[in-house]
Amino acid sequence: MKDKPSAWLWWLVGLALAAGLPYIITDAYTQHLLILCCFNIVLALSLNLLIGFAGQISFAHAAFFGVGAYTSALLATRLGISFWLALPAGGVMSAVLSLLIGLPSLRLRGHYLAIATLGFQEIVVIVISQWVSLTRGPMGITGIPKPRLGRLTISALEHWYLLALALVALTVLFMIRVSRSRLALELLALRENEVAARSMGVNTVKMKLIAFTGSAFVAGLAGGVYASYINSIDPYSFTVWVSAIIILMVYAGGVGSIVGGIVSAVILTLLPEFLRPIAEDQFRMVIFGGVLILIIMFMPEGMAGFFEKIRGRLVPRKFPEV
Amino acid sequence: MKTEPLLETTGLSMFFGGVKALEGFAMEVGPGQIVGLIGPNGAGKTTFFNLVTGLLKPSAGRISLNGRVISGKTADQIARAGVSRTFQNICLFGKLSVLENVMLSAYLRSRCSLLSSFIGTGRSRKERHRLRAEAERWLDFVGIGHLAGVKAENLAYGDQRRLEIARAMATGPELILLDEPTCGMNPSETGETMKHIRRIHDQGVSILIIEHDMKLVMGICQQVVVLDHGAKIAEGEPKEVQKNPLVIEAYLGKTKIDARDQ
């Protein structure tokens, strides 16, 4: 069985390099962008579990991100609960809520599932913005406390980056463990041919629920960290447009590819910023859209698939030799 | 003394709205038997397979395996109970490799939990080795061991059919349902498939085959059941069924003349 130790080495090297970045790039705005990249990576990877492995579609990922953010923020601001406890609570809340969409979705496929998740996404945003007594509605929640580690309060950008990077590392570890386990086989079988998977003994109900709740949990965790970082949140940071961008990150990176997800999340986070000096606001997003269309046209299997094609074989997802 | 049948259906009916796919269908498969299910297209044969394997819930009637009712159970429960199948239209996991396709089935017999596999415990690793060896064994059984790393969708048609069989056998079934296993095959490929079926039979697995190739049915099956328009019109040993005028009228017709030429 080839559990390549060299693969772990590459990941550790990458992690070390990434950890050193904020000490090389000291411009505050760029550091902020790097932190945003981290959040997007976590969101893209967690959605990949659902789209890439399980083959489901969901427009509700931003909603789970938002539920995690709001849960964590409310627990911290209203009940004074520490960041480190509020964070997993946010994750759990998102996971529980994902069952609300996961259970009814069991019978839905393709476009119908997409619409159902879209509806759920919209409902969550509406509930958050209307339930003023709980969430302060459109005014949002402000003054979210920073996490404390012993005597250190995490407020410096470098420290925030390291915290966000730690979250990325955990998510990558999670995804790697999934891809090397029996879970990956069952999820991929579900993706490839649900009927055949069931006939070969895969409990597709359980698998779909695992995929939904797992991806929602991680998104919820990311939300909790994000809320504390950004200090104030409102319902409009968690709209369907955010969901759409994350979906694009997944497809642009290559469905099922961990490295692809990371690369595309970084590129798609930084791209609009790099376009800023070149083009005015409206054109910036038009160009952004154009780039996405080009990616879809010329790299239908995403960047990971594109590079695999160049290497002579087409593997749209990274599943190591069993 | 009659031995307990392995698979038994009583009064099995399936209605899709107003369409009567199966009505009052009763049949059985004995342990270690090879039974052929024949009939014109649209007779309800694949519908019957879908009912047995749990992809459909019967409108009426019952299906039992080893005396225990399985109709109404989910497909994965029935697979775990020991029923496996191949598909008329090939349903492989296209983007997975040949080996991965069979490993998935092999995992049905895993004794480790999902969690231990996720964590990557020593026990789960050892088991992955074991299941991988078993999967490779089944690939060799059908003769595609050399294609283990190839993506299933890139296989030639005949190899895809063989992979379907290997994948179905890797679940360790007591009963395997083969849905037109020689569809689209030339005579030599059909002969190969007949060999595989005989070897599966030698392992003690019961087999239920839907087939249109009469040479195969007459050559391999111990019992034949004939369906037409959702109802059983004959059953018995192949030679008797072949002579049954109802069957000839519904289906065998021209083929009877061919059989006499053998």
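Use the structure listed above.
Quick caveat, the model's predicted, so the values are computed rather than measured.

A. Geometry of the overall build of chain B. Summing up its helical and strand segments, chain B has 10 helices and 10 strands in all. In terms of C-alpha radius of gyration, chain B reaches 19 Å, essentially the compact-globule figure of 18 Å for 262 residues. Along the longest, intermediate and shortest principal axes, the C-alpha atoms of chain B span 60 × 40 × 40 Å. In chain B, buried positions account for 54% of the 262 residues. Counting only carbon and sulfur atoms, one obtains 51% of the accessible surface of chain B, whose full area is about 11200 Å².

B. Examining the sheet that holds strand β7 (residues 175-179) of chain B more closely. All names here are of chain B. Read from one edge of the open sheet, six strands run β6-β7-β8-β3-β9-β10, paired in mixed fashion. The two strands at the open ends of the sheet, each matched to only one other strand, are β6 (83-85) and β10 (231-236). For this sheet, the mean angle separating the axes of adjacent strands, direction not counted, is 20 degrees. In this structure, strand β3 (residues 34-38) lies alongside strand β9 (residues 223-228), joined through four bridges in parallel fashion.

C. View of the packing of helix α3 (residues 61-79) of chain A against helix α5 (residues 110-130) of chain A. Residue and element names in this part refer to chain A. Packing of α3 against α5 brings their axes to within 8 Å, and their N-to-C directions diverge by 30 degrees. Comparing the axis directions of α3 and α5 gives the class roughly parallel. Here the hand of the crossing between α3 and α5 comes out left-handed. Packed against α3, whose contacting residues are H61, A62, A63, F64, V67 and Y70, the element α5 presents F120, Q121, V124 and I128 at the interface. A per-class count over the contact of α3 with α5 returns eight nonpolar, two polar and no charged.

Conventions adopted
Residues numbered from 1 in each chain as written. Chains lettered and ligands numbered in written order. Predicted model: local features only at pLDDT ≥ 70, side-chain atom pairs only at ≥ 80, totals over all residues. Heavy atoms only, no water. Helix = DSSP H or I, 4+ residues; strand = E, 2+ residues; numbered from the N terminus. Rg over C-alpha atoms; globule rule 2.2 N^0.38 Å. Buried < 20%, exposed > 50% of the residue type's maximum accessible area, 1.4 Å probe, protein only. Areas by Shrake-Rupley, 256 points an atom, 1.4 Å probe, with all protein chains shown as cover. Pairing = 2+ DSSP bridges. Axes fitted to C-alpha atoms, helices over the stretch in contact; angles between N-to-C directions. Parallel < 35°, antiparallel > 145°, perpendicular 65-115°, else oblique. Left-handed = near helix turned anticlockwise from the far one by under 90°. Contact = heavy atoms within 4.5 Å. Nonpolar A, V, L, I, M, F, W, Y, C, P; charged D, E, K, R; others polar.

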